[in-house]
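Structure assessment
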Amino acid sequence: MDWVNGILRFDSFFAVTIGILVLFVGRQLNNVFRLLKEFSIPEPVTGGILFSVIIAIVYSVSDIAIEFDLVARDVLLVYFFTTIGINASLKDLLKGGLPLVILLAITIGYMVVQNFTGIGVAKAFGLDSPVGMLGGSVSLIGGHGTAIAWAPRISEGYGISNAMEIGVACATFGLILASLMGGPIAKYLITRYDLKPEKKEALDVGVADDQTNGQITGFDFLDAILSIHICVILGYILNESIAEMGLQLPLFVTCLFAGIVMTNIVHNIGFRRITGTRWPARKPAVALIADIALGTFLAMSLMSMQLWTLIDLAGPIFAILTAQFVVAVLINIFIVFPAMGKNYDAAVICSGFGGISLGSTPTAMANMSAVSQRYGNSHLAFIIVPLVCAFFIDLVNALMIPYFLANF
């Protein structure tokens, strides 16, 4: 913990500890205010938003800025997506083939609509089109990473001096809206159409009380950790190899694919001999680690938001995000849900699409996790949503952003 020039900075150890505390606070709030649980608002979202507001109040009163070292947070993201890969069987991937293609096509079409919406609202305020792009797929579907990557180019190429502030502000508020959108949409669809899971499935993220009966042992946990680390090492090697070919992918994407490969191709080679048990795909210990990693990651992401930096941009950003929110909800209910089959899987996918549309991949997964823990799991949703939003979206956005900037 360091104090420099009015900035109180917490290192990774403190940041993770506070993130866990945020999770517990979010859980208690969801238990006290039943409406939060009723609408499947993720616990890390409840706690994270509360803490970010408290930190903003501290800054406004004392002029002390609180910052966190988030290196450990990014490790948790890699852990989480590796568990998703480990749980993905070839049979499930083949089953998700057509729905994945349909969801990808809808998402690409939505990205086009999102950019036109941002540009249209920006022009209504007398702002340039690149500002609308910053309130479109650059920051919303793209998230903080894409906004930070593109803001300097937009600033230099189009004279938008505060491009970074606009992009980060849209990404931040979009993350909040996405976190609050998915659960209520799923509840509405499930209630209106009386939807239920076709069969009872073990949770991909988290562990139900009747799933383990307290039978997760220390070696079960280490078994899962070992498998995750093997996949992360392979994912890192794959990431480095792809980078040498000129293609940059987030580490969690290659680790996701490493998990899929290990589970479906080479998982039995020597693993049983070393650990005395089978490869831990679909085991409760893996689901438990996924829950811990995702919850702590999202709690740390939300609690570290510096809300006071966004006040000056509130007017135009509020208008852009309001329009984007309405468009996202309408497309989710009237296009995504029918196209995905109007069944329970479709409702869970819609909660994930709510996270994709204005937030990030972890937000989508947190939304689906909260819905699944309340109503029942949808393994199909946990297969196709991360493949769409963790891999294909970044590739499409990398082509779409320069095209819109050049032509609109």
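Refer to the structure above for everything that follows.
Residues numbered from 1 in each chain as written. Predicted model: local features only at pLDDT ≥ 70, side-chain atom pairs only at ≥ 80, totals over all residues. Heavy atoms only, no water.

**Things to note about a nonpolar patch on the surface**
Where we set the bar: Candidates for patches are residues over 30% relative accessible area with no salt bridge; among them, like charges are joined within 9 Å and nonpolar side chains (Val, Leu, Ile, Met, Phe, Trp, Tyr) within 5 Å. For accessible areas, the Shrake-Rupley method is used with a probe of radius 1.4 Å. Any residue's cover is judged against the shown protein chains and nothing else. Counted as salt bridges are all cases of a side-chain nitrogen of Lys or Arg within 4 Å of a carboxyl oxygen of Asp or Glu. The helix and strand labels rest on DSSP assignments: H or I over at least four residues marks a helix, E over at least two residues marks a strand, and numbering proceeds from the N terminus.
Where nonpolar side chains cluster on the molecular surface, the patch consists of I233, L234, Y236 and I237 and spans about 390 Å² of accessible area. Mapped onto the fold, L234 is located in helix α11 (residues 218-244).

**Here we look at the side chain of S129**
Under the convention used in this document: For every residue, the accessible area obtained with a 1.4 Å probe (protein chains only) is divided by the maximum for its type, and the residue is called buried under 20%, exposed over 50%, and partly exposed between those limits. Pairs of N or O atoms are called polar contacts if they sit within 3.5 Å, as long as, within protein, a hydrogen donor faces a hydrogen acceptor (for residues adjacent in sequence, only side-chain-to-side-chain pairs). Should any heavy atoms of two residues lie within 4.5 Å, those residues are considered in contact.
Of note, S129 is situated in helix α7 (residues 129-134). The class for S129 is buried, based on a relative accessible area of 11%. Looking at S129, its side chain comes within polar contact range of the main-chain oxygen of F408, at 2.6 Å. When sequence neighbours within four positions are dropped, the list of residues in contact with S129 reads I119, K123 and F408.

**Brief notes about the pairing of strand β2 (residues 7-10)**
Where we set the bar: Strands were regarded as paired on the criterion that DSSP finds at least two bridges between them.
Going residue by residue along β2, you find L8 and F10 tucked away on one face and I7 and R9 left uncovered on the opposite face. Across three bridges, strand β1 (residues 2-4) lies against β2 in antiparallel orientation. Within β2, the residue paired with D2 across the bridge is R9. Taking the residues between adjacent antiparallel strands as the criterion, β1 and β2 are bridged by two residues, where N5 takes a positive phi near 50 degrees. As judged from the four bridges shared by β2 and strand β3 (residues 65-68), these two strands associate in the parallel manner. Bridging across to β3, I7 finds its partner in A65.

**Re the packing of helix α16 (residues 344-358) against helix α17 (residues 361-375)**
For clarity, the cut-off: Axis definition: a line fitted to C-alpha atoms, limited for helices to the stretch in contact. Angles are taken between N-to-C directions and run from 0 to 180 degrees. By convention, the crossing between two helices is left-handed when the near helix turns anticlockwise from the far helix through less than a right angle, and right-handed when the turn is clockwise.
The N-to-C vectors of α16 and α17 enclose an angle of 145 degrees; their axes lie 6 Å apart at closest approach. Once α16 is placed against α17, the crossing between them reads as right-handed. When α16 is examined against α17, the residues Y344, V348, S351, G352, G354, G355 and I356 are found in contact with a partner set consisting of T363, A364, N367, M368, V371, S372 and Y375.

**Topic: the nonpolar core**
Under the convention used in this document: We define a nonpolar core as any set of buried Ala, Val, Leu, Ile, Met, Phe, Trp, Tyr and Cys residues linked to one another through side-chain atoms lying within 4.5 Å.
Counting 126 residues, the largest nonpolar core has F68, F80, L103, V336, I384 and V385 as the members making the most contacts within it. The element contributing the most residues to this core is helix α18 (residues 379-407), with 15 residues.

**Some remarks on the sheet that holds β2**
The strand order across the open sheet formed by three strands is β1-β2-β3, and the pairing between neighbours is mixed. Either end of the sheet is taken by a strand with one partner, and the two such strands are β1 and β3. Direction aside, neighbouring strands of the sheet carry axes that sit 25 degrees apart on average.

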